[in-house]
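# Working through the structure, step by step
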Amino acid sequence: MVKVFMPQSLKEALRIRKEEKAIPFAGGTDLMVKRGRLRGLAPYFEKPVLFLHKVKELTGVKFEEGRVRIGALSTLSEILENRDIPLILKYAIAEIASPAIRNLATIGGNICNASPAGDTLPPLYVMNARVVLSSFTSEREMKIMDFIKGPGSTDLKEEELLKEIIIPVEFFNIVFYRKVGTRKANSLSKVSFAGVARLDDGIIKDIRISFGAVAPTPLRAPEIEEEIIGKNKVKIIAKIPDILEKYARIIRPIDDQRSTARYRKTISLKILEYFLKEEIK
Amino acid sequence: MKIRFVLNHKKVEIDVDPLKRLLDVVREDFDLKGVKERCGEGECGACAVLVNGKLMNSCLIPVAQVDGKEVLTIEGYKNTKKYKIIEEAFLEAGAVQCGFCTPGMVMAIEALLSQNPSPEESDVREALSGNLCRCTGYNMIVDAVLLAALKGKGLW
């Protein structure tokens, strides 16, 4: 049986993480399935397990100085119930799994799993979220886009824990999220889409677009967004084929058990087209 | 590792592998067989229990995670007035066929009604979205919840 730790403070948790190279255990909704064995057997862990549920410093949502700080161990339900959370993130979380799983699963877990289909990621990408990574001796902060490196791979070091997620509060008058799955509850995304925009007097002052499950990491292309920003919403209609063409070049999904590359690509471009035509108005 | 928690209103302590699933602990160590296992991966809700009043799948919880918390299973709930209301509503609406999903459904319904005593149909469907039933086609269960909310007015 592996060693199991249940620290009460972040300091203690970080010391254990450093000394034992223990596997961080947040909500556990993915770990318990991935590491599950036959019925009646405890899940298998080859390294010590570091339970985080008693670490108070990792919980709670704080609103301060134009930004929202979300403790990594906040459950999806807690985030959904909090009034300070940006809408685009709430829309995505409302469609993750089921109420029972949202009561257990954490945002930190969803991020650190770094699944290409992780549903909190596209909203966090469009909100320019940052992650705070703590170790026993230091702390660093980085863009979530730089933190996520590939399927199941992040920049988290062996002695670090994801402490919190920081989201700058910005105003968007268009907030659109769409998840495509096989059914409404408990399905993993075939494709997900997060789009936000700020329109002022018919001018697109800001627009941000991110796709999930169409590439090894969530996809966002600031260089294409730049070309849309500053344009009149009516003039943009004529430019839609050109924009779709640009995204078509970088949307590179795969075939897997959930869907096919062809379906994913077609649907993501259709959703993008809908967003540009029907939502930006 | 010694794990202490409150199980169906009683303080319990158990020396157990802290990674053992709560589902297995309640079924094997405490003989509470109303908590069912079907999918074992959080999809079906047959193993649903309340932890500190919140609905959770006990197959996804290592017992260490409920240390210091309150766990309620169908066995701890079945002697309450609220349960009786749900039971009658299930009978009246024909919401039980094989019965395997029923304990998890009932826990999900308690979780809903304790938050929202007069739910709309859409609230009910959302609240039960993590509980699968392969017999009834769900409509009778939804009817039963709406009926229970009506009959149990003031209870929740």
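About the criteria used
Residues numbered from 1 in each chain as written. Chains lettered and ligands numbered in written order. Predicted model: local features only at pLDDT ≥ 70, side-chain atom pairs only at ≥ 80, totals over all residues. Helix = DSSP H or I, 4+ residues; strand = E, 2+ residues; numbered from the N terminus. Rg over C-alpha atoms; globule rule 2.2 N^0.38 Å. Buried ≥ 20, exposed ≤ 12 C-beta atoms within 10 Å, placed from the backbone. Contact = placed C-beta atoms within 7 Å. Core = buried A, V, L, I, M, F, W, Y, C linked by C-beta atoms within 7 Å. Domains from an automatic or database assignment. Nonpolar A, V, L, I, M, F, W, Y, C, P; charged D, E, K, R; others polar. Pairing = 2+ DSSP bridges. Axes fitted to C-alpha atoms, helices over the stretch in contact; angles between N-to-C directions. pLDDT = per-residue confidence, 0-100. UniProt positions renumbered as here; feature names shortened; annotations may be inferred. Expected span 1.5 Å × (residues − 1). Arc of directions from axis to C-beta.

With that settled, the discussion passes to the overall build of chain B. When you go through chain B residue by residue, the secondary structure sums to six helices and five strands. Helices and strands appear in chain B in the N-to-C order β-β-α-β-β-β-α-α-α-α-α. Taken against the 2.2 N^0.38 rule, which gives 15 Å for 156 residues, the C-alpha radius of gyration of chain B at 15 Å falls within 12% of a compact globule. In terms of overall dimensions, chain B has C-alpha extents of about 45 × 30 × 25 Å along its principal axes. Counting all 156 residues of chain B, 49% fall into the buried class. Excluding contacts between residues fewer than 6 apart, the proportion of contacts in chain B whose partners are at least 24 apart in sequence is 64%.

Bringing the overall build of chain A into the picture now. When helices and strands are tallied, chain A shows 11 helices and 14 strands. Expected size for 281 residues packed as a compact globule is a radius of gyration near 19 Å; at 20 Å, chain A falls within 12% of this value. Its C-alpha atoms put chain A at 65 × 45 × 30 Å along the principal axes. Taken across its 281 residues, chain A has 46% of its residues classed as buried. Intrachain contacts of chain A at a sequence separation of at least 6 include 66% that bridge at least 24 residues.

So, about the nonpolar core. Grouped together as the largest cluster of nonpolar side chains are 131 residues, with contacts concentrated most on Leu50(A), Leu52(A), Val49(B), Met107(B), Ala108(B) and Ile109(B). For this core, the element with the highest residue contribution is helix α4 (residues 102–115) of chain B, accounting for eight residues. Setting aside residues up to four positions removed in sequence, Ile109(B) forms contacts with Ile86(B), Val145(B) and Ala148(B).

This part covers the domain arrangement of chain B. Frequently, the measure chosen for interface size is the accessible area that the parts lose on association. Residues and elements named next belong to chain B. You can read the domains of chain B as domain 1 (2–75) and domain 2 (81–151). Taking only C-alpha atoms, the centre of domain 1 and the centre of domain 2 are 21 Å apart. Every contact between the two is made by 14 residues of domain 1 and, on the other side, 13 residues of domain 2. Counting residues per element, the side of domain 1 that touches domain 2 draws most heavily on strand β3 (residues 48–51), at three residues. For the side of domain 1 that touches domain 2, a count of residues per class yields nine nonpolar, three polar and two charged.

Further remarks concern the sheet that holds strand β6 (residues 130–134) of chain A. Residue and element names in this part refer to chain A. Strand order in the open sheet formed by five strands is β4-β5-β10-β6-β7, and the pairing between neighbours is antiparallel. Only two strands of the sheet have a single neighbouring strand rather than two, namely β4 (61–64) and β7 (139–143). Between one strand axis and the next, the sheet turns by 20 degrees as a mean value, whatever way the strands run. Both strand β5 (residues 67–71) and strand β10 (residues 161–168) contribute to a ladder of five bridges, which runs antiparallel. When the bridges of β10 are listed, Arg 67 appears paired with Pro 168.

Quick look at the interface of chain B and chain A now. On the side of chain A, 25 residues touch chain B, which itself brings 27 residues to the contact. For the side of chain B that touches chain A, the element with the highest residue contribution is strand β4 (residues 54–57) of chain B, accounting for four residues. Split by residue class, the side of chain B that touches chain A holds 11 nonpolar, seven polar and nine charged.

Let us look at the domain arrangement of chain A. Residue and element names in this part refer to chain A. By the assigned domains, chain A splits into domain 1 (4–168) and domain 2 (174–279). Placing a centre on the C-alpha atoms of domain 1 and another on those of domain 2 gives a separation of 26 Å. The partner domain 2 presents 22 residues to the 20 residues of domain 1 that form the contact. Elements that contribute at least two residues to the side of domain 1 that touches domain 2 include exactly α4 (87–94), α7 (121–126) and β8 (148–150).

In this section: the confidence of the model for chain B. Mean pLDDT for chain B: 97, with 100% of residues reaching 70 or above. Here the prediction assigns the complex a pTM of 0.96, and the interface score ipTM is 0.97.

Residue and element names in this part refer to chain A. Pairing analysis gives four bridges linking β4 to β5, with the strands arranged antiparallel. Directly across from Glu 64, in β5, lies its bridge partner Arg 67. In this antiparallel pair of consecutive strands, β4 and β5, the connection spans two residues, and Glu 65 shows a positive phi of 40 degrees.

Bringing the UniProt feature "domain: FAD-binding PCMH-type" (unreviewed entry) in chain A into the picture now. Feature annotation in UniProt assigns "domain: FAD-binding PCMH-type" (unreviewed entry) to the following positions: residues 1–172 of chain A. Across residues 1–172 of chain A, helical content stands at 29% and strand content at 23%; the span's end C-alpha atoms are separated by 51 Å.

On to helix α1 (residues 22–29) of chain B. What sets the pattern is the α-helix's 3.6 residues per turn: residues three or four places apart point alike. All names here are of chain B. Within α1, six of the eight residues are buried, leaving the element largely enclosed by the surrounding structure. Where α1 is buried, its residues contact β2 (10–15). One or two steps after α1, the chain reaches Asp 31, where phi turns positive at roughly 55 degrees.

Residues and elements named next belong to chain B. Over its 13 residues, helix α3 (residues 81–93) extends 18 Å from the first C-alpha to the last, a length consistent with the 18 Å expected when each residue adds 1.5 Å. Among all positions of α3, only Ile 85, Ile 86, Ala 89 and Phe 90 are buried. Projected down its long axis, α3 carries its buried residues within an arc of 135 degrees, all on one side. Exposed side of α3, more than 90 degrees from the buried face: Lys 81 and Leu 91 are the residues found there. Those residues of α3 hidden inside the fold are in contact with α4 and α6 (139–151). Two residues or fewer after α3 comes Gly 94, characterised by a positive phi angle close to 70 degrees.

This brings us to the sheet that holds strand β14 (residues 219–220) of chain A. Residue and element names in this part refer to chain A. Judged by pairing direction, the sheet is antiparallel, and its four strands sit side by side in the order β11-β12-β13-β14 without closing on themselves. Two strands close off the open sheet at either side, each with one partner strand: β11 (174–180) and β14. In terms of strand pairing, strand β12 (residues 191–200) meets strand β13 (residues 203–212) through nine bridges, oriented antiparallel. Among the inter-strand pairings, Ser 192 is bridged to a residue of β13, identified as Gly 212. Each of β11 and β12 is contacted by α4, which is oriented at about 20 degrees to β11, the strand it contacts most.

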